[in-house]
Amino acid sequence: VQLQASGGGSVQPGGSLRLSCAASGTIFSINTMGWYRQAPGKQRELVAAITSGGSTNYADSVKGRFTVSRDNAKNTMYLQMNSLKPEDTAVYYCNAGLDSWAGRGDYWGQGTQVTVSS
């Protein structure tokens, strides 16, 4: 089982990016999925999460600007990031709790860099 994050890049303040996180392998079900981020010198923090039923929660710092969604048929989660700010600069990681041939586990993607700078 693997999680592959993609979609990061460099953007000016006020710009937008869309991150994707695709789970692959022999997966029976995916429970809660989440996006985390870690800026240099800071701890990893939860950005947004979404349950298998579509319930979402967000960090206060991104509410109204970021939207998390998922396509259960494709085992993929997305993060639409609008009105980006320099303080959003970080490596973004995706996480998923899922059931696979190996049992129930918690998996992380490799991280994708988001840089917001003028």
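Note that the coordinates shown come from a computational prediction; the quantities given were computed from them, not determined experimentally.

Chemist: Quick question: what am I supposed to make of the state of the cysteines here?
Modeler: Put plainly, a disulfide is one covalent bond tying together the sulfur atoms of two cysteines. On inspection of all chains with the given rule, the structure shows one disulfide. Across the disulfide from Cys21 sits Cys94; the S-S distance is 2.2 Å. On the sign convention where negative means left-handed, the S-S torsion of about 70 degrees between Cys21 and Cys94 marks this disulfide as right-handed. With a gap of 73 residues between them, Cys21 in strand β3 (residues 17-24) and Cys94 in strand β9 (residues 90-100) connect regions that are remote in the sequence. By relative accessible area, Cys21 is classed as buried at 0%. Taking the relative accessible area as the measure of exposure, Cys94 reaches 0% and is therefore buried.

Chemist: Explain the environment of Arg104 to me, please; I cannot follow it from the model alone.
Modeler: Here Arg104 shows up in strand β10 (residues 103-108). Residues Arg104 and Asn31, spaced 73 residues apart in sequence, show a C-alpha to C-alpha distance of 9.9 Å. Sequence-distant contacts of Arg104, defined by excluding residues within four places in its chain, comprise Asn31, Leu98 and Asp99. A polar contact is formed between the side chain of Arg104 and the side chain of Asp99, at a distance of 2.7 Å.

The rules behind the values
Residues numbered from 1 in each chain as written. Predicted model: local features only at pLDDT ≥ 70, side-chain atom pairs only at ≥ 80, totals over all residues. Heavy atoms only, no water. Disulfide = S-S within 2.5 Å. Helix = DSSP H or I, 4+ residues; strand = E, 2+ residues; numbered from the N terminus. Buried < 20%, exposed > 50% of the residue type's maximum accessible area, 1.4 Å probe, protein only. Contact = heavy atoms within 4.5 Å. Polar contact = N/O pair within 3.5 Å; in protein donor to acceptor, adjacent residues only side chain to side chain.

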